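Structure at a glance
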Amino acid sequence: MTVPDLPAELVDGLGVRDATPVSGGDIARAYRLDTPDGPLFLKWRPDATPDLFEREAAGLRALRAHRGDLGVPEVLRESPSGLVLEWIEGGSPTAVTEADLGRGLARLHRTTGDHFGSLDDALAGYLGSAEVDLTPTADWPRVFVGRRVIPLIDRGIEQGVVAPEARELIDRLAPRAADLCGPAEPPALVHGDLWAGNRMVGVGGRNWLIDPAAHWAHREIDLAMMMLFGGFGPECFAAYDEEYPLADGWRDRIRWYQLPPLLVHAILFGGGYGASAVGVLRHYAA
């Protein structure tokens, strides 16, 4: 079989016999690598910013260290242009796997840090391929509104994918940030980009977390992201709340915590995401 031209710094010495393109999202090219030691997963973006995959690798390692019953693929090789990870053979979700995911995520969220923001000394990270500020601070509303939502709104307005009204609305909402962000909680280790495509169920029924934007944050941002595009069963949320009960009013905050992914999608893909973000802001400003 013909092996495509792949980055030497990631594949040399692996004895790749075949490389098959697979689904890998919108950020990078993805391949299954067949090697004498079994299949591996390669994700690769030649024009990646220098720290894009560095941040992802750091997130995978942090999640692996505290994953509990959840699977997190091991980083086998990394470079500025991509990663080689262990291969996960996919299975199918069931009511059991959904409940297992909820309990596992709740246990992961019990891992706490001493600040909100970066896992290490990096001051920036990524949500998708959009850069976000992860400067450490003890003030969660300041992180969420001042360092996440407002910069994304400004970027979206500059690109013409978010209506200027959004800045007026967030300026009105900012003084209420502490109330809108909910009761204070310790910084939790979050996946950070937990839509259904970033969770896999393996052939043995184990849940795996992939493609993280991991950092220390309020744990409700993971649940809000999970509810944005669907793909998770009710058993998951029920098991989560049983394992690690959520604060009163958490469902009322779901749309608030969906603002960053909506804004990032507007910046990266356009479409109606900008209008959806403005609709969320109007909802809370009403």
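Residues numbered from 1 in each chain as written. Predicted model: local features only at pLDDT ≥ 70, side-chain atom pairs only at ≥ 80, totals over all residues. Heavy atoms only, no water.

**So, empty space enclosed by the protein**
Our working rule: Computed over the protein atoms alone on a 1 Å grid, cavities are sets of points where a 1.4 Å probe fits but cannot get out and pockets are open sets with protein on both sides within 12 Å along at least five of seven lines; a residue lines them when it has an atom within 4 Å of a point. Grid points are joined across faces, edges and corners, and a volume is the space filled by probe spheres set on the points. Helix and strand definitions follow DSSP, with helices as H or I runs of at least four residues and strands as E runs of at least two, each counted in order from the N terminus. Residues are grouped as follows: Ala, Val, Leu, Ile, Met, Phe, Trp, Tyr, Cys and Pro are nonpolar; Asp, Glu, Lys and Arg are charged; all remaining types, including Gly, are polar.
Inspection of every chain in the model, using the stated rule, returns one cavity of 30 Å³ or more. In terms of lining residues, the largest cavity is bounded by Leu127, Trp140, Phe144, Arg148, Gly192, His215, Ile221, Met225, Tyr257, Pro260 and Pro261. Contributing elements (two or more residues each) for the lining of the largest cavity: helix H4 (140–159), helix H7 (220–229) and helix H10 (259–269). With three residues, the single largest contributor to the lining of the largest cavity is H4. Of the residues in the lining of the largest cavity, the class split is eight nonpolar, two polar and one charged.

**Topic: unusual backbone geometry**
The phi dihedral of Asp211 is positive, around 50°, even though this residue is not glycine. Turning to its location among the elements, Asp211 is positioned in the loop between strand S10 (207–209) and strand S11 (215–217).

**Remarks on helix H11 (residues 273–285)**
Operational definition: Take the residue count of a helix, subtract one, and multiply by 1.5 Å to get its expected span. The rule is simple: take the accessible area with a 1.4 Å probe, protein chains only, and divide by the maximum for that residue type; under 20% is buried, over 50% is exposed, in between is partly exposed. What the arc describes is the spread of directions from the helix axis to the C-beta atoms. Note on definitions: a residue-residue contact is assigned when non-hydrogen atoms from the two residues lie within 4.5 Å.
Between its first and last C-alpha atoms H11 spans 19 Å; for 13 residues at 1.5 Å apiece the expected length is 18 Å, and the two agree. Among all positions of H11, only Gly274, Ala277, Val278, Val280, Leu281, Tyr284 and Ala285 are buried. One side of H11 holds all its buried residues, which, seen down the axis, span an arc of 155°. Of the surrounding elements, those touching the buried residues of H11 are H4, helix H5 (165–173), helix H6 (177–180), helix H9 (254–257) and H10.

**Looking at the packing of aromatic side chains**
Two measures describe an aromatic ring pair: the distance that separates the ring centres and the angle between the ring planes. This is how the line gets drawn: Between rings of Phe, Tyr and Trp, where Trp is taken as its six-membered ring, a pair exists when centres lie within 6.5 Å; planes separated by under 30 degrees are stacked, by over 60 edge-to-face, and by other angles tilted. Two thresholds decide whether a charge sits over a ring: the Lys NZ or Arg CZ must be within 6 Å of the ring centre and within 35 degrees of the ring normal.
Applying the stated criterion across every chain yields a total of nine aromatic pairs. Ring centres of Trp140 and Phe144 lie 5.7 Å apart, and the angle between their planes is 40°; on these two criteria the pair is classed as tilted. Note that Trp140 and Phe144 are positioned in helix H4 at a spacing of four residues, about one turn of the helix. With respect to class, Trp140 is no different from Phe144; both count as buried. When the ring of Tyr240 is compared with that of Tyr244, the centres are 6.4 Å apart and the planes differ by 20°; the resulting orientation is stacked. Looking at Tyr240, the relative accessible area reads 1%, which means it is buried. Looking at Tyr244, the relative accessible area reads 13%, which means it is buried. One aromatic cluster is present, built from ring pairs that chain together Phe116, Trp140, Phe144, Trp256, Tyr257 and Tyr284. The ring of Trp87 carries Arg32 above its face, with NZ or CZ at 5.1 Å from the centroid. Stacked on the ring of Trp208, the Lys or Arg Arg206 has its end atom at 5.3 Å from the ring centre.

Read these as layout, nothing more, since geometry by itself doesn't imply function.
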